Amino acid sequence: MLRIVVCVSGGGTNLQAILDAIDGGKITNTEVIAVISNNPGAKALDRAKAHGIPGMLMSPKSYSDREAFNSAFTEEMCRLAPDLVVLAGFLVRIPEEMVAKFSNRIVNIHPSLIPSFCGVGYYGLKVHEKVLERGAKVTGATVHFVNEGMDEGPIIAQKAVEVLEDDTPEVLQRRVMELAEWILLPQAIDDIANNRLFIEDGRVKRSSGA
Ligand code: GRF
């Protein structure tokens, strides 16, 4: 059984997609043991509660400085000791010490086709604003392992989504979620839970026969 902790900051629709996929048998061998939010008002915490999953608050704002937060966050994660940490719309940078302790055991969903529209300053709605500003015709989502870099770890899966003429950032965000994020993230978790993926030479590969 893959024990996962899901980290969230907002609406929690990706968390919901994971919970629904577990309930519906699309993700197997997986249990969400906790949900961590940096935002006390995150709807994602309500979704966790409704599912009987412990929700906890870990915000940099509650600590004297970033270092103190980073240590407390890493300690809490070590205490929970999940097999996999899932960043589902989590807007806090993962401390390097946590990346080191959970090497290749943290995954993130990013709402663009990495390496486009990612890195510092590209989060949430901003990603879609920049896609529209640039006039890109195709965007999408990416699930990747988290390393010390920003949106730089090995890519697990990607899915393209068309950009339409009249899109607003909100409309595009919703389409990327519906057609890519809510599908890719549960699939990636199921693949990890069932040992279908491995990393070789810094790239994610699929086990033969899977
Ligand atoms: C998603 O688009 C995610 O990719 C991005 O922030 C959004 C979070 O949505 N980083 P939700 O909280 O899962 O509804």
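Everything below is about the structure shown above.
In what follows, the accompanying structure is described.

Cut-offs applied
Along every chain, residues carry numbers that run from 1 in the direction the sequence is written. Only residues with pLDDT of at least 70 are given local features in this predicted model, and only at 80 or more are side-chain atom pairs given and counted; all residues enter the totals for whole chains, interfaces and linings. Computation of side-chain values covers all heavy atoms of the structure but excludes hydrogens and water. Pairing of aromatic side chains here covers Phe, Tyr and the six-membered ring of Trp, requires ring centres within 6.5 Å, and sorts the geometry by plane angle: under 30 degrees stacked, over 60 edge-to-face, intermediate tilted. The secondary structure listing takes helices from DSSP runs of H or I that are at least 4 residues long and strands from runs of E that are at least 2 residues long, numbered from the N terminus. When a residue's accessible area, from a 1.4 Å probe over protein chains only, is under 20% of the maximum for its type it is buried; when over 50% it is exposed; and in between it is partly exposed. The length a helix should cover is 1.5 Å for every residue beyond the first. Contact definition: two residues touch when any of their heavy atoms are within 4.5 Å.

## Quick word on the packing of aromatic side chains
- What the rule picks out here adds up to 4 aromatic pairs.
- Measuring from centroid to centroid gives 5.8 Å for F73 and F90, while their planes differ by 55°, and the two rings are tilted. Highlighted residues: F73 in helix α3 (residues 66-80) and F90 in the loop between β4 (84-87) and α4 (96-101), separated in sequence by 17 residues. Each member of the pair F73 and F90 is classed as buried.

## As for α3
- Taking 1.5 Å as the rise per residue, α3 with 15 residues should run 21 Å; its terminal C-alpha atoms sit 21 Å apart, in good agreement.
- Listing the buried residues of α3 in full gives F69, N70, A72, F73, T74, E76, M77 and L80.
- On its buried side, α3 packs onto β1 (2-8), β2 (30-37), β3 (55-57), β4 and α4.
- Immediately downstream of α3, the backbone of A81 shows phi near 50°, a positive value.

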